[in-house]
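Given next are the chains, with one letter for each unit.
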Amino acid sequence: MEKKWWHEAIGYQIYPKSFMDSNGDGVGDINGITNKLDYLEELGINLIWICPIFKSPQIDHGYDISDYDEIDEMYGNKDDLKILIDEANKRGIKILLDLVVNHSSDQHYWFKEAIKNPEGKYGKYYYFKRGTKDTPPNNWRGIFSGSSWEKVGDENSDLYYLHIFTKEQPDLNWENPELRQEVYDMVNRWLDFGVAGFRVDAINHIKKDFSYKNLPSDRADGLVNGINYFNSEPGIEDFLQELKRETFDKYDCFTLGEVDISNEKLINEYTNPITGHFNSAFDFGQVHRNIFTENCSNTVDFMESIKESLFKTQQRVGNNNIRLTNVIDNHDTCRSVDRSVFAEDKNFYSATMLVGMNFFLKGIPFIYQGQEIGMTNFPKEKITDFKDPTTLRQYEEMIGLGKTPDEAFNHLNQKSREHARTPVQWDDSENGGFTTGTPWFEVNPNYKEINASNQMKDSKSMLNYYKKLIACRKKYNETFVYGNFRPVFKHIKGVLGYKRNNIFIINNCTNKDIKLKIKVNELILSNYDEVNFSKRTLVVKPFQTVIFK
Ligand code: GLC
């Protein structure tokens, strides 16, 4: 396999609003990231993905872009970004931006013009379709629930535009070559600017199947889940190959698709090293799971199903090791330490085992900000404490489906993605050292105990364990990047074990000791001080990770 710089990537995801505020306005910014580069270098990562920093009304916190060529003032400006890229490069760290081109903001110039004249040039940049005065063109339910169509004009109008996320995020019409060219030119401008590539947002939705009108509804709202009609539809490959040809192929860049790769065909289409649309795609097998909302009665069954899913994906990618990006946390889900084990099992060992089991799989590991210090959910008091349109919409929807306000609130308090968006807890000073102003989103009050500064001083902290994990990956780089993968002890309930070449990664996903027969030579790393190993028997402690040669 031809070696590329990003094969050895160890990624770190930044949600810029909540990472570090450098100017006291309560919102994280680009200079805040630059100020924390030493911290990130010391952690050991070498690739950063920054969630959208472009000009945006912030309805979906930056995933609604009103100018693709400008940085939103609250984050700084292009000069700041240049400095960040240069300073990061000096430390061997590359910067990825977030490419959000399934939709724009309704405040984008294109859309504002389109609304004025849906028949004109910019009308063709979006999907305007006719329904009737009372019914939209079809009954698709959007990803953030509710109809995917919004009416244009007065109540007698029969014209609608498509938005599969919020109504402030109209979908871009990829069928229009003029729109596609605008996108390619913009992508090339950013690559020329010096970014190392992109995480590509919601890109499997850019092709829509409009070949029917209404479908039988699947809920009382009369709508039908639209995802089946805008998820990797036939023909999407032409758009994505053109995108690749016109942009990425001309640069030594890295692209990471936020796409559904839940079967072999999709994995191959998206990430085949030669013909694939992107270099890598996320395996969401561990992220999109929540022990509470899945009504699991015990941790073991939950972990067994995660094991099955991770292993299936590992085996599906065959020998092409780098195709996957492995994550346990991101900005779209609550914190892993809160969603993966029951309260009585929440501790240092379970939190570190969750990453230990994932970090050495085939693929590129990404850490989400705050994960390395074990940041937790911050339960809210009432529904209005949430700030995310999807949370509020889901709440309305649950009420509509007959849940009581308490039930709906409790459910969201357990699973809302906003738990991941509280500011990073840097130290025990006011607001966790995130800002000297009023934070845009309340800091989790547990910052007094859980913060980076405390953990830097404590050799047994989670932060220092993460440093060891990263150092271990780097030390055995060839094995973890290019080595083969083989499950071990697969049929022992509660054990998630695998071998990468000659290195064993054994995880006990239960709160009891597990005895294993195993022949190994040298201990590399564990999240416990002691490893109980004698005469070819290993006793793995509750939630212990052991890495052996
Ligand atoms: C992606 C982002 C998510 C956003 C959505 C719409 O899934 O990760 O945060 O809300 O796209 O752009």
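Residues numbered from 1 in each chain as written. Predicted model: local features only at pLDDT ≥ 70, side-chain atom pairs only at ≥ 80, totals over all residues. Heavy atoms only, no water.

Draft legend 1. Spotlight on the pairing of strand S23 (residues 545-548). Residues of S23 alternate between two faces, with Thr-545 and Ile-547 on one and Val-546 and Phe-548 on the opposite face, all of them buried. Here strand S18 (residues 503-508) pairs with S23 via four bridges, running antiparallel. Paired with Ile-505 across the strands is Ile-547, a residue of S23. In terms of strand pairing, strand S20 (residues 523-526) meets S23 through three bridges, oriented antiparallel. Paired with Leu-525 across the two strands is Ile-547, which belongs to S23. (Buried < 20%, exposed > 50% of the residue type's maximum accessible area, 1.4 Å probe, protein only. Helix = DSSP H or I, 4+ residues; strand = E, 2+ residues; numbered from the N terminus. Pairing = 2+ DSSP bridges.)

Draft legend 2. Local environment of the pairing of strand S12 (residues 254-257). Judged by which residues are buried, S12 turns out to be covered on both faces: Phe-254 and Leu-256 on one side and Thr-255 and Gly-257 on the other are all buried. Pairing analysis gives four bridges linking strand S10 (residues 197-200) to S12, with the strands arranged parallel. Along S12, the bridge assignment pairs Val-200 with Gly-257. Pairing analysis gives two bridges linking S12 to strand S13 (residues 280-283), with the strands arranged parallel. Its bridge partner lying in S13, Leu-256 is registered against Ser-280.

Draft legend 3. Local environment of helix H10 (residues 348-359). The terminal C-alpha atoms of H10 lie 16 Å apart, and with twelve residues this matches the ideal 16 Å at 1.5 Å per residue to within 8%. Burial within H10 is extensive, with ten of its twelve residues counted as buried. Within the sequence span of H10, burial applies to Ser-350, Ala-351, Thr-352, Met-353, Leu-354, Val-355, Gly-356, Met-357, Asn-358 and Phe-359. A side-chain oxygen of the first residue of H10 lies 3.0 Å from the backbone nitrogen of Tyr-349; this N-cap is Asn-347. (Expected span 1.5 Å × (residues − 1). Polar contact = N/O pair within 3.5 Å; in protein donor to acceptor, adjacent residues only side chain to side chain.)

Draft legend 4. Molecular detail of the state of the cysteines. By the definition in use, this model includes zero disulfides. In this structure Cys-472 is a free cysteine whose sulfur lies 18 Å from that of Cys-509, the closest cysteine sulfur available. (Disulfide = S-S within 2.5 Å.)

Draft legend 5. Molecular detail of the site of the ligand. The local shell around the ligand holds 13 residues, among which Asp-60, Asp-201, Glu-258, His-331 and Asp-332 are the closest. One of the side-chain N or O atoms of Asp-60 is found 2.5 Å from an oxygen atom in the ligand. Separating an oxygen atom of the ligand from a side-chain N or O atom of His-331 is a distance of 2.9 Å. In the complex, the protein chains occlude 95% of the 300 Å² of accessible area that the ligand would expose alone. Split by residue class, the shell around the ligand holds three nonpolar, three polar and seven charged. (Near = heavy atom within 4 Å. Areas by Shrake-Rupley, 256 points an atom, 1.4 Å probe, with all protein chains shown as cover. Nonpolar A, V, L, I, M, F, W, Y, C, P; charged D, E, K, R; others polar.)

Draft legend 6. View of the nonpolar core. Leu-40, Ile-45, Leu-81, Trp-174, Trp-190 and Phe-198 are the most contacted members of the largest nonpolar core, which has 140 residues in total. Those residues in contact with Trp-174 that lie beyond four places of it in its chain are Val-101, Tyr-127, Leu-179, Arg-180, Val-183, Tyr-184, Ile-203, Ile-206, Phe-239 and Leu-243. Judged by nonpolar contacts, the second largest core, of 13 residues, contains Phe-144, Tyr-160, Leu-162 and Phe-165. (Core = buried A, V, L, I, M, F, W, Y, C linked by side-chain atoms within 4.5 Å. Contact = heavy atoms within 4.5 Å.)

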